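Descriptive analysis of the structure
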Amino acid sequence: MSTQRELDDLVKAGYEHGFVTQVESDTLPPGLNEDTIRFLSAKKKEPEWMLEYRLKAYRHWLTMEEPDWAHLKIEPIDYQAISYYSAPKKAADGPKSLDEVDPELIETYNKLGIPLEEQKALAGVAVDAVFDSVSVATTFREELAKAGVIFCSISEAVHQYPELVKRYLGSVVPHTDNFFACLNAAVFSDGTFVYVPEGVRCPMELSTYFRINEAKTGQFERTLIVADKGAYVSYLEGCTAPMRDENQLHAAVVELIALEDADIKYSTVQNWYPGDEQGRGGIYNFVTKRGDCRGDRSHISWTQVETGSAITWKYPSCILQGDDSVGEFYSVAVTRGHQQADTGTKMYHIGKNTRSTIVSKGISAAHGQNAYRGLVRMGAKAENGRNHTQCDSLLIGDKCGAHTFPYIEVRNPTAKVEHEATTSKISEDQLFYCRQRGLTEEDAVSLIVNGFCKEVFNELPMEFAVEARKLLNITLEGAVG
Amino acid sequence: MLSIKNLHVEVDGKEILRGLDLEIGTGEVHAIMGPNGSGKSTLSYVLAGREGYEVTAGEVLFEGRNLLEMEPEERAWAGIFLAMQYPVELPGVNNMSFLRESVNAVRRARGEEELDAVSFMKRVREKAELVKLPDKLLKRSVNAGFSGGEKKRNEILQMALLEPKLTILDEIDSGLDIDALRVVAEGVNALRGPERSFLMITHYQRLLDYIEPDHIHVLAQGRIIRSGGKELALELEEKGYGWILEEEAAA
Ligand SMILES: Nc1ncnc2c1ncn2[C@@H]1O[C@H](COP(=O)(O)OP(=O)(O)OP(=O)(O)O)[C@@H](O)[C@H]1O
Ligand SMILES: [Mg+2]
C-alpha cells in the first residue's frame with residue numbers, strides 16, 4: 001500500500017451526526033421578500049421595533065452585493081430557494097419547560113451527546129439548544145437566575161428584556177456591516193442571549209448547541225452576550241447538521257460586549273456537515289463574530305475548533321476600545337475532502353496599552369484548502385499596543401493547500417506587531433519513526449496533529465477539550481485496516 | 001532469532017543490497033562495519049519495514065515468521081527495535097506522552113495491560129536515570145532541538161522501556177562524547193541477556209570495547225564479505241577496508 005493511499009484512507013472519515021430527525025415542522029416555503037419577514041416576525045409575536053429593525057436591514061441588504069470570495073470557490077447561492085423559517089411544530093410557541101419538548105428532539109440531542117435533561121447534563125454546563133430556527137430548551141435557568149445571570153433564547157429576550165436587547169443588539173455588528181450580517185439582521189430566527197450583571201462571575205459554563213435539521217432551510221442565528229462591569233462568563237457553542245446533497249446556508253451573527261474589567265471567553269466546536277468525498281452538499285458557514293472590549297481592562301477570548309462545513313468564512317474579531325483591554329484568538333481549522341476554510345481574526349487596537357494574541361493552527365488533508373486571513377490594526381491612539389501572531393499550517397498529503405494572508409496596519413509608532421508563520425508537513429520519516437515504536441499510522445497522525453493543536457486545545461474548557469480532541473481524531477482517522 | 005538469506009534490495013531502481021546473508025542467534029550480539037554508503041542503514045530500514053526499499057529477492061525470518069510481510073508496527077510489537085542513525089523530530093509531541101503511547105501500544109498488541117500513569121512515570125524515571133537523560137528532556141517535544149547526543153540517549157531510553165528482543169543500533173556511537181558513549185553502552189549492556197539479541201552498526205572499534213560483540217561482519221558492495229571475532233575489528237581499525245576488498249576482488 002502506498003503512503004499516499006494510506007493517507008487518503010486516513011482522512012476519509014465518516015460523519016457521525018448525519019442522521020435526520022422525523023419531527024413535524026412548520027416550515028415557510030422558500031423565498032425572501034418583505035412579507036416573509038413580516039410573517040416571521042408575526043410568528044414570533046415580535047414587537048413593532050423588532051420588525052422595523054428587520055425591515056430596515058432587509059432594505060439595506062437589497063442594495064448590497066455578495067462579497068467576492070477571497071480564497072474560496074463557491075457555487076452561487078440562490079437566496080430565493082432558501083426557506084427562512086423552520087420550527088419543530090410542537091415547539092413553535094416555545095416550550096415552557098423540558099416536559100413540553102418533543103421527545104424526538106430530546107432523542108436527537110441525546111444522539112448528539114447533548115443531554116437536555118438537567119440531571120443528565122454535564123455538571124456545571126447550562127445548555128441552550130437551537131433546532132433549525134427555534135430555541136427548544138434552555139437548562140439550568142433557575143440556578144442561573146439566582147446569580148442574576150440571564151440566559152435565554154434571543155426571541156424570549158426580545159419580549160422579556162427589550163431594553164437590553166435594544167441597547168446592545170447591532171451595537172457591535174451593525175446591520176450595514178456586511179452582506180451576510182445584514183441578511184441575518186433581517187431574517188435571524190433565534191439564538192442565545194446572555195447578560196451577566198456587574199461583578200458577577202457566571203457560576204457555570206453556558207453552552208448552545210445548534211442543529212440544522214430540515215432540508216433547504218437556512219439557519220440564521222443571532223447570539224448576543226453582554227458582560228457588565230467586572231463580570232465573567234465562559235460560553236461554548238457546538239453545531240452539527242444531517243448529511244444532505246444540497247448545500248445549506250448558515251449565516252450567524254455573534255456579538256460580545258465586555259464592559260470595564262469584564263471577561264468573556266467564547267469557545268466554538270464547529271462540526272457542521274462538510275459534504276461528501278466528491279464535495280457534494282455540506283454547510284456554507286458564513287459567520288460574523290465580533291467582540292467589543294468596550295470598557296478599560298476588559299478581556300475577550302475566542303477559541304474555535306473548526307472541523308466541519310463545506311465552506312467556512314469567519315473572522316471572530318476584537319475591537320479593543322478600552323485602555324489596557326486584551327483580545328485573544330485561538331483557532332484550529334481542519335479541512336479535508338473538498339472542504340474550504342477562509343478563517344482568521346481581526347484585532348482593532350483603539351485604546352492605549354491594548355494587547356492581542358493570535359494563535360492559528362490550520363490543518364489541511366486530502367483536497368482541503370485552508371486559508372488564514374488576519375488583520376491587526378494599531379490605531380493612532382493605540383499607544384504601546386502589542387500584538388503577537390503565530391500562524392502555523394500542517395499539511396497531510398500533497399493535494400491540499402495552506403495559505404496565509406496577514407494584513408498589518410500600524411498608525412502609532414509606539415505599537416509593536418509580531419508575526420510568525422510556519423508550514424510543515426507530516427513526513428514519511430515521522431510516520432515511520434512512530435510506527436517503528438509500535439504506533440499505528442492512525443495513532444501517529446492523531447498524536448502529531450494533537451501536538452500541533454495543543455496550544456489551542458489548552459484554551460478550551462476541560463470537557464470541550466476532550467470532545468475537540470475526539471472530534472479531530474474522528475475527522476482525520478478513517479478506514480485504515 | 002533472525003535469519004537473512006540472499007537478500008536483494010533496491011532503492012529507486014538502484015540495487016543496494018546484493019545477496020546478503022546473516023544469521024543472528026538468540027542472546028547474541030553482532031556488529032556490522034563497512035564503508036560509507038555500503039548499505040548498512042539500508043539493511044536496518046529493511047528489517048524495520050520502512051517504505052521505499054524494494055526487496056527483489058531473498059527472505060528474512062524473525063523467530064520463524066516472515067518478517068517482510070509484516071507492517072512496521074507489527075514488527076515493533078513482535079520485538080524489533082531500531083535506534084536510528086538520525087532520530088526523527090516530532091515537534092509538538094511531548095516526549096513523555098510519546099513514550100507512554102509507544103509502550104502502551106506495544107503492550108496492547110501483546111495482550112498485556114496498559115501501564116497506569118503512576119507506574120509508567122516511575123519506570124521512565126528509573127530508565128532515564130540509567131541513560132542520564134535529564135528530566136527536562138522528557139517534558140520537551142520528541143527530539144525537537146535535542147543535541148545529537150541527547151537524541152541518541154533518547155533512543156536508548158525508548159529501547160530500555162520497550163525491552164525489545166532484537167535491537168538494531170545504527171551508529172548509536174556517532175556524535176557521542178566519551179562519557180555519553182559509556183552511558184549508552186551501559187544502557188545496552190543492562191538489557192543484554194540470554195533471550196535478547198543485538199545488531200550494532202558502527203564505524204569505530206571504541207564502541208566494541210564497551211559492548212563486546214560475539215561476531216563482527218564487514219558489509220561492502222551490498223554483501224557480508226567477511227565475518228570474524230573481535231580481532232577482525234582491531235584489524236580493520238589498523239588497516240581499513242581496502243585489503244579485504246582486494247582479497248575479495250582476487251577471489
Ligand atoms: N532514499 C534513497 N534514495 C536514493 N539512494 C539511497 C536512498 N537511501 C539510500 N540510498 C543509497 O544507498 C546507498 C547505501 O546507503 P546507506 O545509508 O544504507 O549506507 P550506510 O552503509 O549506512 O552508510 P554510512 O556509513 O554513511 O551511514 C548509498 O549509496 C545511498 O546514497
Ligand atoms: Mg548509515
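Look up a bit, the structure's there.
We now turn to the structure provided with this report. (Residues numbered from 1 in each chain as written. Chains lettered and ligands numbered in written order. Predicted model: local features only at pLDDT ≥ 70, side-chain atom pairs only at ≥ 80, totals over all residues. Heavy atoms only, no water.)

**Description of the overall build of chain A**
As a reminder, the rule being used: A helix here means a DSSP run of H or I that spans at least four residues, while a strand means a run of E at least two residues long, and both kinds are numbered starting from the N terminus. When a residue's accessible area, from a 1.4 Å probe over protein chains only, is under 20% of the maximum for its type it is buried; when over 50% it is exposed; and in between it is partly exposed. In this description, contact between two residues means that some pair of their heavy atoms is separated by no more than 4.5 Å.
Of regular secondary structure, chain A possesses 11 helices and 23 strands. Every one of the 481 residues in chain A was classed for burial, and the buried ones make up 63%. Put simply, 84% of the contacts in chain A that link residues at least 6 apart link residues at least 24 apart.

**Considering the coordination of the magnesium ion (ligand 2)**
Residues and elements named next belong to chain B. To be explicit about the condition: Note: metal donors comprise N, O and S atoms at 2.8 Å or less from the metal (3.2 Å for Na, K and Ca); water molecules are not included, so apparent gaps in a site are possible.
Ligation of the magnesium ion (ligand 2) by protein atoms is provided by Ser41 (OG) and Gln85 (OE1), these donors lying 2.0 to 2.2 Å from the ion. Note that serine 41 is positioned in helix α1 (residues 40-48) and glutamine 85 in the loop between β6 (80-83) and β7 (90-94), a separation of 44 residues in sequence. As far as the burial class goes, serine 41 and glutamine 85 line up, both buried.

**Considering the site of ligand 1**
All names here are of chain B. Condition: Throughout, the term near means that a residue has one or more heavy atoms lying within 4 Å of the molecule or strand in question. Contacts described as polar in this section are N or O atom pairs within 3.5 Å, which, within protein, must combine one atom able to donate a hydrogen with one able to accept it, while residues neighboring in sequence count only if both atoms come from side chains. For accessible areas, the Shrake-Rupley method is used with a probe of radius 1.4 Å. Any residue's cover is judged against the shown protein chains and nothing else. Any residue that is not Ala, Val, Leu, Ile, Met, Phe, Trp, Tyr, Cys, Pro, Asp, Glu, Lys or Arg is counted as polar, Gly included; the first ten are nonpolar and the last four charged.
Taken together, the neighbourhood of ligand 1 is formed by 16 residues, with Gly37, Lys40, Ser41, Thr42 and His203 sitting nearest. Between ligand 1 and the protein, one listed contact pairs a nitrogen atom with a side-chain N or O atom of aspartate 12 at 3.4 Å. Between ligand 1 and glycine 39 there is a distance of 3.0 Å, counted from an oxygen atom to a backbone nitrogen or oxygen. Burial of ligand 1 by the protein amounts to 65% of the accessible area it has alone, namely 640 Å². If you list the elements that add at least two residues to the shell around ligand 1, you get β2 (14-24) and α1. With 3 residues, the top contributor of residues to the shell around ligand 1 is α1. Residues of the shell around ligand 1, tallied by class, amount to 4 nonpolar, 8 polar and 4 charged.

**A word on the interface of chain B and chain A**
Keep this limit in mind: Any Lys or Arg side-chain nitrogen located within 4 Å of an Asp or Glu carboxyl oxygen qualifies as a salt bridge.
Contacts between the two partners involve 34 residues from chain B, matched on the other side by 22 residues from chain A. The tally of links from chain B across to chain A stands at 5 salt bridges. The salt bridge involving B:Arg50 is made with A:Asp429; its shortest N-O contact spans 2.2 Å. The tally of links from chain B across to chain A stands at 15 residue pairs in polar contact (both at pLDDT 80 or more). With 6 residues, helix α3 (residues 95-109) of chain B is the single largest residue contributor to the side of chain B that touches chain A. Broken down by class, the residue content of the side of chain B that touches chain A amounts to 20 nonpolar, 6 polar and 8 charged.

**Observations regarding the sheet that holds strand β12 (residues 223-228) of chain B**
Residue and element names in this part refer to chain B. For clarity, the cut-off: Strand pairing is defined by DSSP finding a minimum of two bridges between the two strands. For helices, the axis comes from a line fit to the C-alpha atoms of the stretch in contact; other axes are also lines fit to C-alpha atoms, and the angle between any two N-to-C directions lies between 0 and 180 degrees.
Taken in spatial order, the 6 strands of this open sheet run β6-β9-β10-β3-β11-β12, and their pairing is mixed. For this open sheet the edge positions go to β6 and β12, each flanked by a neighbour on one side alone. The mean inter-strand angle of the sheet, taken between neighbouring strand axes irrespective of direction, is 20°. Here strand β3 (residues 29-33) runs beside strand β11 (residues 215-220); their pairing, made up of 4 bridges, is parallel. Bridge pairing links histidine 30 to histidine 215 in β11.

**Some details on the pairing of strand β12 (residues 263-270) of chain A**
The side chains of a regular strand alternate between both faces of the sheet. All names here are of chain A. In terms of residue burial, β12 counts as a mostly covered element, since 7 of its 8 residues are buried. Here β12 pairs with strand β14 (residues 299-306) via 8 bridges, running parallel. Note that in β14 the partner of valine 269 across the bridge is valine 305.

**Some thoughts on the packing of aromatic side chains**
Put simply, the test is: Between the rings of Phe, Tyr and Trp (Trp by its six-membered ring), a pair exists once the centres lie within 6.5 Å; its type follows the angle of the planes, with under 30 degrees stacked, over 60 edge-to-face, and the other angles tilted. Geometrically, a charge over a ring is one whose NZ (Lys) or CZ (Arg) sits within 6 Å of the ring centre while staying within 35 degrees of the ring normal.
In this structure the tally under the stated criterion is 15 aromatic pairs over all chains. Measuring from ring centre to ring centre gives 5.6 Å for A:Phe180 and A:Trp313, while their planes differ by 65°; the resulting arrangement is edge-to-face. In this pair, A:Phe180 sits in helix α8 (residues 179-187) while A:Trp313 sits in strand β15 (residues 311-314), placing the two residues 133 residues apart along the sequence. Here A:Phe180 falls in the buried class, since its relative accessible area comes to 1%. The ring of A:Tyr433 has A:Arg437 sitting right over it, with the charged end atom 4.7 Å from the ring centre. Sitting over the face of the ring of B:Tyr45, B:Arg50 holds its NZ or CZ atom 4.6 Å from the ring centroid.

**Thoughts on the pattern of salt bridges**
Scanning the entire structure with this criterion turns up 33 salt bridges over all chains. Between A:Lys314 and A:Glu306 there is a salt bridge; the shortest N-O distance is 2.4 Å. Put simply, B:Glu155 and A:Arg437 hold a salt bridge, and the shortest N to O gap is 2.7 Å. In this pair, B:Glu155 is assigned in helix α6 (residues 148-162) and A:Arg437 in the loop between α9 (428-436) and α10 (441-457), connecting two distinct chains. You'll find B:Glu155 and A:Arg437 in the same group, each marked buried. Each of A:Glu34, A:Arg38 and A:Arg59 takes part in one network of salt bridges that share partners.

**Some details on helix α2 (residues 34-43) of chain A**
Since there are 3.6 residues in each turn of an α-helix, residues three or four apart along the chain are aligned in direction. Residues and elements named next belong to chain A. Stated precisely, the cut-off is as follows: Comment: arc refers to directions from the helix axis out to C-beta atoms.
Considered for burial, the residues of α2 that qualify are Thr36, Ile37, Leu40 and Ser41. The arc that holds the buried residues of α2, viewed along the axis, is 130°, so those residues lie on one side. In α2, the exposed positions that point more than 90 degrees away from the buried face belong to Asp35 and Ala42. Contacts from the buried residues of α2 go to α3 (48-62) and α8. Measuring from the backbone nitrogen of aspartate 35 back to the side-chain oxygen at the start of α2 gives 2.8 Å, which picks out asparagine 33 as the cap. Lysine 45 sits one or two positions beyond α2 and adopts a positive phi of about 50°.

**Concerning the sheet that holds strand β5 (residues 65-66) of chain B**
Residues and elements named next belong to chain B. If you walk across this open sheet you meet the 4 strands as β2-β1-β4-β5, and the pairing is antiparallel. The sheet is open, and its two borders are formed by β2 and β5, each paired with just one other strand. For strand β1 (residues 2-11) and β2, the ladder comprises 8 bridges, and the chain directions are antiparallel. Within the sheet, the bridge partner assigned to leucine 7 lies in β2 and is leucine 20. In the packing of α1 onto the sheet, contacts are made with β1, β2 and β4 (54-62), and the angle to β1 comes to roughly 110°.

**Observations regarding the environment of A:Glu306**
Residues and elements named next belong to chain A. Within the secondary structure, glutamate 306 sits in strand β14. For the pair glutamate 306 and leucine 471, spaced 165 residues apart in sequence, the C-alpha separation works out to 9.9 Å. In this view, glutamate 306 contacts Thr268, Gln270, Asn285, Thr312, Lys314, Val332, Ala333 and Val334; residues no more than four positions away in its chain are not counted. At a separation of 2.4 Å, a polar atom in the side chain of glutamate 306 contacts the side chain of lysine 314.

**Remarks on the pairing of β3(B)**
Residues and elements named next belong to chain B. Of all 5 residues in β3, 5 are buried; the element is thus mostly enclosed. The pairing of β3 with strand β10 (residues 197-201) spans 4 bridges and is classified as parallel. Its bridge partner lying in β10, alanine 31 is registered against methionine 200.

**Points about the packing of α6(B) against helix α7 (residues 178-191) of chain B**
Residue and element names in this part refer to chain B. Note the threshold: Geometric relationships in this document are graded by angle, where less than 35 degrees denotes roughly parallel, more than 145 denotes roughly antiparallel, 65 to 115 denotes roughly perpendicular, and other angles denote oblique. Should the near helix be turned anticlockwise from the far one by less than a right angle, the crossing is termed left-handed; should it be turned clockwise, right-handed.
Between α6 and α7, whose axes approach to 10 Å, the crossing angle comes to 15°. By the criterion of interaxial angle, the relationship of α6 to α7 is roughly parallel. The handedness of the crossing between α6 and α7 is left-handed. Across the interface between the two elements, Arg153, Ile156 and Met159 from α6 touch Val183, Val184, Gly187, Val188 and Leu191 from α7. Classifying every residue of the contact of α6 with α7 gives 6 nonpolar, 1 polar and 1 charged.

**Points about helix α9 (residues 230-239) of chain B**
Residues and elements named next belong to chain B. Of the residues making up α9, those classed as buried are Leu232, Ala233 and Leu236. One face of α9 carries all of its buried residues, which in axial projection span an arc of 100°. Exposed side chains of α9 directed beyond 90 degrees from the buried face belong to Glu231 and Glu238. The elements touched by buried residues of α9 are β3, α8 (205-210), β11, β12 and α10 (242-250). Following α9 by one or two positions, glycine 240 adopts a phi angle in the positive range, close to 75°.

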